[in-house]
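Listed here are the chains, written in short residue letters.
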Protein chains: 2
Amino acid sequence: MATKEKRIFSQLKTEIDAIVLTNASEPNLDLSFFYATGIVNGLFEDCVAIVTRRGVEVLSSELEELSARLAGAKTTVFQTRKERDETLAKRLKGYERIGINSRELTHANYQFIRKCAKGARLKDVSEAIGKARMIKDAQEISRIKKACDITCRTAEEIPELVREGQMETEAAAELNYRMMKLGAAGPSFATNASFGPGTAEPHYVPASRRLKKGQLALFDFGASYKRYAADLTRTFVCSRASAKQKEMYDVVLRAQLAAIDAIHDGVRGKKVDQAARRIIDGSRFKGKFIHSTGHGLGLSVHDPGSISSARDMTLREGMVLTVEPGVYERNFGGVRIEDDILVTKKGCRILTSAPKEFLVI
Amino acid sequence: MATKEKRIFSQLKTEIDAIVLTNASEPNLDLSFFYATGIVNGLFEDCVAIVTRRGVEVLSSELEELSARLAGAKTTVFQTRKERDETLAKRLKGYERIGINSRELTHANYQFIRKCAKGARLKDVSEAIGKARMIKDAQEISRIKKACDITCRTAEEIPELVREGQMETEAAAELNYRMMKLGAAGPSFATNASFGPGTAEPHYVPASRRLKKGQLALFDFGASYKRYAADLTRTFVCSRASAKQKEMYDVVLRAQLAAIDAIHDGVRGKKVDQAARRIIDGSRFKGKFIHSTGHGLGLSVHDPGSISSARDMTLREGMVLTVEPGVYERNFGGVRIEDDILVTKKGCRILTSAPKEFLVI
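Let me begin by describing the structure that accompanies this report. (Residues numbered from 1 in each chain as written. Chains lettered and ligands numbered in written order. Predicted model: local features only at pLDDT ≥ 70, side-chain atom pairs only at ≥ 80, totals over all residues. Heavy atoms only, no water.)

## Let's talk about the overall build of chain A
Next, step 1: Check the secondary structure of chain A and you find 11 helices and 19 strands.
Next, step 2: The C-alpha radius of gyration computed for chain A amounts to 22 Å, which stays within 12% of the reference 21 Å derived for 361 residues, consistent with globular compactness.
Next, step 3: Overall, the C-alpha framework of chain A stretches about 70 × 40 × 35 Å when taken along its three principal axes.
Next, step 4: Partitioning the intrachain contacts of chain A with sequence separation of at least 6 by distance along the chain shows that 67% fall at a separation of at least 24.
Next, step 5: Summed over its atoms, the accessible surface of chain A is roughly 13,700 Å², and 48% of this surface lies on carbon and sulfur atoms. (Helix = DSSP H or I, 4+ residues; strand = E, 2+ residues; numbered from the N terminus. Rg over C-alpha atoms; globule rule 2.2 N^0.38 Å. Contact = heavy atoms within 4.5 Å. Areas by Shrake-Rupley, 256 points an atom, 1.4 Å probe, with all protein chains shown as cover.)

This is how it looks when you write it as structure tokens:
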């Protein structure tokens, strides 16, 4: 298993002496900092990682020292920002080309690095970092799988946990509770439990709406395990389903299975997206699949990589992605079915085992 | 109640035609986007807010359109990034000075704004935005108070929820569950439940450690309510306490009360920090209070503002801050006591009502 720094440097197209990764304040953290350092615990606000071909050094506040050392990272502790800046300037001395991670670096921290790297050229290497992060190693896959297992065991309990009259926030509470009881560090993103009209909004936030007979109930959630995310969506109907709800579900499920079926090493994401979209656009729900088919999954629930026509890319063995077509109709509701998959040579391995047959709860 | 855009513009020291706020992918969101737009739901990845003295316009993806409209924001929907970029360029045409929020803007998005704002000068206005966000209006205070109330009702249940033999992750699950059942959208940050040696690490992440007799048990958690955060810490001892644990608790509590006592409109944060630090450094735990006394609280659990010697500032009426001294001793444990307060003319209003007498659970 190549070290993370080797995997990043092997993706670089130009010569780089060192890469500097910096966190701002939560939520503006650079997840690639955690990728490169292997640190599992802590926030590491205002901390820095210096990544070279030879290894990684963390400049850590005293607050996070223990977390850094527990992760086995080479650590230098600073007491003040001035001390941090001076240490960084010293380390970067003589380097001519410094890599920065523009996509996860604040502009204020760009200027801080600019100041510390006097005379050096700063070069955006976020694409190389993204490419390295896209291909998961065995440890990453095992962490994602564990997150998926916790999520799916929770999903299987939905018919018992959710019932008519329950509020969306209560249902979300039940899911989070189960995931954490099963060993999750927490939810990997804010759990979405939406009922009825709320299901028509893909990024809905649970509110006080109560589940009524005949309503769609959508759950989009995932466990976080050792910083890695799972991301699952299942949709049900409460008590009794209408013909239109069944049809909507059937169309989305067929679209999702077609997309999964199209995945293998070397396929274009666009082709996978089209496999799903073709089925939805060939149904009465034409034009109602308003987002892309999937996204990368890893340290972030929206990791680099996508299954999309707009942001087309070639899927490669070792990538972990979501497959999540959906149909949304205002004032009626929506259906989304989402699984997490690992791209393999000939196809893909589905990491989320929760059942997805149409189910009335 | 002045609009958010008026409050931001009133803090500017130079002439600015418009401020552009942009989100990248989660977690790299600009919380000031949500501040300026008033949007409560959704992620709004890759979406843009254009803020002028006359109002706010959101450039939204179709995915988030409903959330934007529900919030009553003036909204223009884009289908592709190209469309978004062209719309932004059109809106910014003729403007000479564009404000950017460097502290929450990715460097990649800085370059995107740079491209769209041809000919204009980009000026960092993050300090002005931070100053506006520091002084909370009535609606913000009421949301924070609600988040605090949910958090405190949960804290009061800790003696029943937590018991010997329970894992840290299970205890964290119980707290999150209770908060959500009481109406929280979720935890405002990853709940920290730490037992024994884990309490010595301020940013500990709960693991599979089980609570044993005689151990310290520290809970740092908060509810999120309509995007606003609470942040509370309470520390207990399981079953029976040692004299040293009691002494540690007593020192921290005295330090915290001294800090709270020192707060009023016009006081320097440094003075408040020193009030707490003096007590700890005058005890056998000298030098073991390894972080600052408090931080701003609002849309982020680490909002602009601090009670700190290193980052000194004057506390003003309407600011909401945490007061959270702590003492940490490796291989023994730590105690932290944290409340959220609203600075008033003559003192402060404590927003978190949970009891903080020394308690064996």
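## As for helix α9 (residues 168-181) of chain A
Residues and elements named next belong to chain A.
Next, step 1: Over its 14 residues, α9 extends 20 Å from the first C-alpha to the last, a length consistent with the 20 Å expected when each residue adds 1.5 Å.
Next, step 2: Within α9, 12 of the 14 residues are buried, which leaves it mostly tucked inside the rest of the structure.
Next, step 3: Within the sequence span of α9, burial applies to Glu168, Thr169, Glu170, Ala171, Ala172, Ala173, Glu174, Leu175, Asn176, Tyr177, Met179 and Met180.
Next, step 4: Just beyond α9, the residue with positive phi is glycine 183, at close to 110°. (Expected span 1.5 Å × (residues − 1). Buried < 20%, exposed > 50% of the residue type's maximum accessible area, 1.4 Å probe, protein only.)

## Focus on the packing of aromatic side chains
For any pair of aromatic rings, the description consists of the separation of the ring centres together with the inter-plane angle of the planes.
Next, step 1: By the definition in use, this model includes 13 aromatic pairs over all chains.
Next, step 2: Relative to phenylalanine 34 of chain B, the ring of phenylalanine 33 of chain B lies with its centre 5.0 Å away and its plane at 75°, an arrangement referred to as edge-to-face.
Next, step 3: Look at phenylalanine 33 of chain B and you get buried, because its relative accessible area is 0%.
Next, step 4: Every member of this aromatic cluster is reached through a ring pair, and the members are Phe33, Phe34 and Phe44 of chain A.
Next, step 5: Across the ring face of phenylalanine 289 of chain A, the terminal group of arginine 277 of chain A is positioned such that the distance to the ring centre comes to 4.0 Å.
Next, step 6: It is lysine 4 of chain B that lies over the ring of tyrosine 35 of chain B; its NZ or CZ is 5.5 Å from the centre. (Phe/Tyr/Trp six-rings, centres within 6.5 Å; stacked < 30°, edge-to-face > 60°. Lys NZ or Arg CZ within 6 Å of the ring centre and 35° of its normal.)

## A closer look at the sheet that holds strand β1 (residues 18-22) of chain A
Residue and element names in this part refer to chain A.
Next, step 1: Sheet architecture is open: six strands sit in the order β4-β3-β2-β1-β5-β6, paired in mixed fashion. Edge positions in the sheet fall to β4 (74-78) and β6 (121-124), since each has one partner strand and no second. Direction aside, neighbouring strands of the sheet carry axes that sit 25° apart on average.
Next, step 2: Note that strand β3 (residues 55-61) and β4 share five bridges and pair parallel. Note on β4: the bridge partner recorded for leucine 59 is threonine 76. (Pairing = 2+ DSSP bridges. Axes fitted to C-alpha atoms, helices over the stretch in contact; angles between N-to-C directions.)

## Focus on the pairing of strand β17 (residues 333-336) of chain A
For a regular strand, side-chain orientation follows a simple rule: the groups alternate between the two sheet faces.
Residue and element names in this part refer to chain A.
Next, step 1: Neither face of β17 is left uncovered, since the one carrying Gly333 and Val335 and the one carrying Gly334 and Arg336 both have all their residues buried.
Next, step 2: With four bridges joining them, strand β16 (residues 326-329) and β17 adopt antiparallel strand pairing. Residue pairing in the sheet places tyrosine 328 in a bridge with glycine 334 of β17.
Next, step 3: Linking two consecutive strands that pair antiparallel, namely β16 and β17, is a turn of three residues; a positive phi of about 65° is found at asparagine 331 within it.

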